Each structure stands twice: as structure tokens, then as C-alpha cells.
Amino acid sequence: MSSRQSLTSWKKLSQLALNKKSQHMNDLFEQDKDRFNKFSIELPKMLLDYSKNLIDSETMSTLFELANECEVVEWRTKMFAGEKINKTEDRAVLHTALRRNSTEPLIVDGDNVTESVQAQLTKMEGFVNRVREGKWKGYSGKRITDIVNIGVGGSNLGPQMVTEALKHYSDHSVNVHYVSNVDGAQIVEILRPLDPEKVLFIVSSKTFTTTETMTNAKTAIKWLTASSFDERAVGKHFVAVTANKENAMSFGIEEENIFGMWDWVGGRFSLWSAIGLAIALDLGFDKFKALLAGADEMDQHFVNAPLEQNLPVVMALLSVWNTTFLGSKSQAILPYDQTLHMLAAYLQQAEMESNGKSVSWDGEEVDYATVPSIWGELGINGQHAFYQYLHQSNNVVPADFIGSVESVTPVQGHHETLMSNFFAQTQALMTGVNEEQVRADLKAKGRTPEYIDKVAPHKVHKGNRPTNTILLKRIDPETLGSLIAAYEHKIFVQGIILQICSFDQWGVELGKGLAASIQVELEGESISDKHDCSTENLINFYKQAKNK
Ligand code: F6P
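As a starting point, this report considers the structure included with it. None of the values given here were measured: they were computed from a predicted structure.

Analysis parameters
- Within any chain, residue numbers begin from 1 and follow the written order of that chain's sequence.
- Under the rules for a predicted model, residues below a pLDDT of 70 receive no local features and side-chain atom pairs below 80 are neither given nor counted, while totals for whole chains, interfaces and linings still include all residues.
- Derived side-chain values reflect all non-hydrogen atoms in the structure, with water molecules and hydrogen atoms excluded from consideration.
- Runs of E in the DSSP output that reach at least two residues are strands. Runs of H or I that reach at least four are helices, and both are numbered from the N terminus.
- Burial classes: relative accessible area under 20% of the type maximum marks a residue as buried, over 50% as exposed, and values in between as partly exposed (1.4 Å probe, protein chains only).
- Any pair of N or O atoms that falls within 3.5 Å is considered a polar contact. Within protein, one atom must be able to donate a hydrogen and the other to accept it, and sequence-neighbouring residues count only if both atoms are side-chain atoms.
- Contacts are assigned to residue pairs that have any heavy atoms within 4.5 Å of one another.
- Put simply, a salt bridge is a Lys or Arg side-chain nitrogen that is within 4 Å of an Asp or Glu carboxyl oxygen.
- Only strands that DSSP links by at least two bridges are regarded as paired with each other.
- Angles here are taken between N-to-C directions and fall from 0 to 180 degrees, while the axes themselves are lines fitted to C-alpha atoms, restricted in helices to the stretch in contact.
- Working definition: residue near molecule or strand if any one of its non-hydrogen atoms lies within 4 Å of it.
- Working definition of accessibility: Shrake-Rupley area with a 1.4 Å probe, residue cover restricted to the visible protein chains.
- Under the grouping applied here, Gly and all other residues not named as nonpolar or charged are polar, the nonpolar ones being Ala, Val, Leu, Ile, Met, Phe, Trp, Tyr, Cys and Pro and the charged ones Asp, Glu, Lys and Arg.

1. Remarks on the side chain of Arg 132
Mapped onto the secondary structure, Arg 132 falls in helix α6 (residues 113-132). Classification of Arg 132 as buried rests on a relative accessible area of 13%. Here the side chain of Arg 132 touches Asp 282 through a polar contact of 3.3 Å, landing on its backbone oxygen. What Arg 132 contacts, discounting residues up to four positions off in sequence, is Arg 143, Asp 171, Ser 173, Ala 280, Leu 281, Asp 282, Leu 283 and Gly 284.

Written out as C-alpha cells, the structure is:
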């Protein structure tokens, strides 16, 4: 038995879960008319209603006991103080320092992080202004009109998700594009309409070793120098964001065009660093700072609010409750704001790369479920695609519904239609409709008894499907910053409770290593006899089909 399972609160939660599984939220709402007030958190620009979960006051107080027994507060203090809580990599975890509005020194390994971050922000601001004002010229003296960010995973998803979400706030001083896929189809399509004399590439890679990014960056250099330019043009058309300055310089990027990164920023938490350069170029530095300020506001809430009123803590505890104690296997992210159309993809990396692990921080195999698989889509599109599954499959999928009170692009009649669906869906997922109601309804519509017998069982919705509702005032740089930071802290708290090392990602290494050796086989004559027969035959089939 793991140390977590011997905690008093854990044992109690296991008992409560047995009991809760046989209850219906409809009854809980019937018994307690004050659920909304009890189980919601209101912040200045964000509301979390978590009353539509299979919880009651006892469940919540036991979950808070669990947070206390797992020393969430102590771990939170360690993280913000720059202690090396990323044990397997012996690193601090300080993405919060990137948005911290303070001049207080914060020392990690002898470096004053506060000063380093400020210096980086100053360098970014100068660069962003020069490009946006047309003072940074391409090799032939022309103004830069297009930015192409080349990166993958955390060096792509965060910046691209934010760029998409805040499109409305761009003044289009430059156009921003993102290349992440090593499938040449993407870079070819993006570069096709662009003029090499007016393009600036950002090669974003913390390690500067990621094959996909390096391959795309080499192609970009070829594209640039295949025009009338020679290699000297690289200096005016390429910048890099990386913690590996040496590799970036040997790649041909000039030292002053390299923006640094620190080992205490994880890739999936890095959009607040120079990895967010494309965001700042698109929106202007003031709006990038507003994004940081919104995140800092959430950091302050996370640090100062009592656990019972702490939005990321509550979200984390509910995820642990739904997954580890009630047995849900996946979790849906369902934004009802078009601007958040990449949020689910972003959160997939943030949560699954952080906590998708099954060994505890002591190196022991854990004997409880850790995090669910995260998936999702714009809710309104999902309604016409996979909501059938959410309502009637025999898998219960807890879901986060995220919507805004105001649209950033109001069109008469649209927002109320959108939001009526937003509210209707969480109600329907919870209340469902039983067979008796279905039969009465069909009878009232004049259906025959034979028809009612045939159709009624298919129309039953059992309901009792947990949802969180997050309602934002509107999507703007501050609220988006706060929303992302809330999920980051939720992930951190989940990791602490589940004893998962949230800040490494060893699970991506095996496939990467194998791909590198298979690439040699695909490009050469022979293939290794170490493959299983499926992989061996697939590689042979591919090579033969290619040579036909
Ligand atoms: O392979 C996974 C990963 O290492 C992510 O953690 C990271 O965000 C991504 O690849 C990109 O890494 P880099 O920024 O070093 O190119």
C-alpha cells in the first residue's frame, strides 16, 4: 500500500466514494438548495461553479483534509521559493517568476532570477518594438511583415493557443504563423505565399535538439537562401529562443539574436518566457505584459486564498476525486468561446505530459489511478459530434465547460444562442431524464403504446455526469493569463496529491530514440534485426513500396 493510501483522509474518501457512487446529483440538489453558494468560487473576472459534481460538504472537507495531509501548502511554498522540487532533473520550477510583479530578489543557483527575468523582458521589448515599428529590416532593407515560429510541444502549443485566443487584440503590425509538424506539407503551405525578404523566423526550442524543429529550421534556411540571398541573410531573418546557446550559434544564429531560457522553466509552462515572443510580436509588448499580469493575479490567488476558496486547489481535488476515487478515465475540456479553440490541445500537453505517469516520486509503482486522459473541442461543435457519448455512453466523462459573459466579437443574436447551449448542456448532463418522464412525454405527444415501448429505453439519459463551469467576464489578455495559470496550478496540486513528478517527461524519450535509429534505416540499405516482426515488416513494406 502506498503512503498516500494510508492517510486518514484517503481511507475516508475511499469509503465516501463507495457511498457516492450509488447517489444521484439530482437528489443532492433536492436535499441542499444552497449547493451553488457552497460549491462555487467567485473571483473578480472568473467564476467556478463546481456544484454539479458528485460531492457534498463532507466530501469537500475530506478532500481539503487530503490536501493538508499531502502538505500542498508546504509544497506550494517550496515551488514559489525556487526549491528544486523537480527531483528527477534536480531543477527548480519557477514559471511563476516569469510573471512575478516584484523586485524582491529570488536566488536560484547563485543567480538572481528576478534580475535575469527583467533583463530578458527588456531585451524582448526592444526587439518586439523594433520589428513592429519596421525598424528591424530584412537583409535587403525591407520591413518584416511575417513572423514564422518554428517549434513543437511547449515551444508551439502555448504561443499558438494564445495567439489564436487573442487574435481580436492584434493590430496586424505583423502576421504570425506557426510551424510545428515535421510533415513538410505544413511548412511548404505556410511559406508558399510569403516573401523571403520580409520574413523573420523564430526557432523556438528549449533544448535546440528536437528533430522536428531542427529539420523545419534547416528547411527555412534553405528557403531563405534559395532566393537571391546568401547565408549572411540568416542574421537578419532568424532569431532563436533556447537554453542551448551553443547549439543555436553552431546552427548559424547570431549571438545577439538568441533569447535565453532557464532550466527552471518547463517547456509546457514556457509561454510566459521568450518562447512567447511570437505572441508579443503579434499583440505588442503591453498586451503580452497584460497576459503576464493576469497569470500573476492567479498566482497571488493561488498563494493567498484559503484552500476552501482556492480555485486551482478545488479543481485539482475534484479531478483527483473523479479520477482516483470515482474511477473516471478521461476528462473533457469544452470551451464555448471560439477564441479558445486550441485550449484542449494545449491542456493535453500541460496535464498529460506533467502527470501522465504511474511511478511515484519515490520510484514506486502507484496502485491508484493518476490523471485522466484529456481531450476536447469547442463545445458547440462537440454537441453535434461526440456529446451523444457524453450523455449516454456507459463511460462517465467529467467535463470542464468554459464560457464568457461577453463575446469579443459580438454579432447580434449569436452569443445568447451559444450560451443557452452552454447552460443547457451542463444541466442536461446532470439531471438526465428517466424512463417514466420519457414515456409521459411520448404519450403527451400522442405516440402509440407500441412506439413508446420501442423507443423509450433509447431516450433515457441517466444524467449524474459531473461538470465544472468556468465563466469568464470576457477573453482578454488578463483573463486568459489567469485561466492558463489556474490550470497550471491545478496540475501542480494534482501532482503533489498523487505523488507524481510533474515536471519531467521521461516517457517521451523511448520513442524519440527509436525514431532516430529507424530514420537511419529508412535512409540506408539495411534494417536492424532487433525490431519485433510487426515493425520490421512495416519498415520493409514501406521501403519496398517506395522503391517500386
Ligand atoms: O518531446 C517532448 C518535449 O520535450 C516537450 O516537453 C517540449 O515542450 C517539446 O518536446 C519541445 O522541446 P524543445 O523546446 O526542447 O524543442
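2. Examining the pattern of salt bridges
Under the definition given, this model contains 22 salt bridges. With its nearest N and O atoms 2.8 Å apart, the salt bridge here joins Lys 135 to Glu 133. For the salt bridge of Asp 504 with Lys 357, the shortest nitrogen-to-oxygen distance reads 2.9 Å. Separated by 147 residues along the polypeptide, Asp 504 in the loop between α21 (477-498) and α22 (509-523) and Lys 357 in the loop between α15 (343-355) and β11 (373-376) bring together distant segments of the chain. The exposure class assigned to Lys 357 is buried, which follows from its relative accessible area of 17%. Salt bridges here are not isolated pairs; linked through shared partners, they connect Arg 99, Asp 299 and Glu 488.

3. What to know about the sheet that holds strand β7 (residues 199-204)
Read from one edge of the open sheet, five strands run β6-β5-β7-β8-β9, paired in parallel fashion. Lying at the two open borders of the sheet, with one neighbouring strand each, are β6 (175-179) and β9 (258-260). With direction set aside, neighbouring strand axes in the sheet form an average angle of 20°. Judged from the five bridges that link them, strand β5 (residues 146-150) and β7 form a sheet pairing that is parallel. Directly across from Ile 147, in β7, lies its bridge partner Leu 200. Contacting β5, β6 and β7, helix α8 (residues 184-191) crosses the sheet at an angle of about 165° to β6.

4. Some thoughts on the site of the ligand
Close to the ligand lie 14 residues, the nearest being Gly 154, Ser 155, Ser 205, Thr 207 and Thr 210. Take Thr 210: an N or O atom from its side chain is 2.5 Å from an oxygen atom of the ligand. Contacts to the ligand include Glu 353, whose side-chain N or O atom sits 2.8 Å from an oxygen atom. Surface burial for the ligand is 88%, taken as the share of its 400 Å² of free accessible area covered by protein chains. Partitioning the shell around the ligand into residue classes produces two nonpolar, nine polar and three charged.

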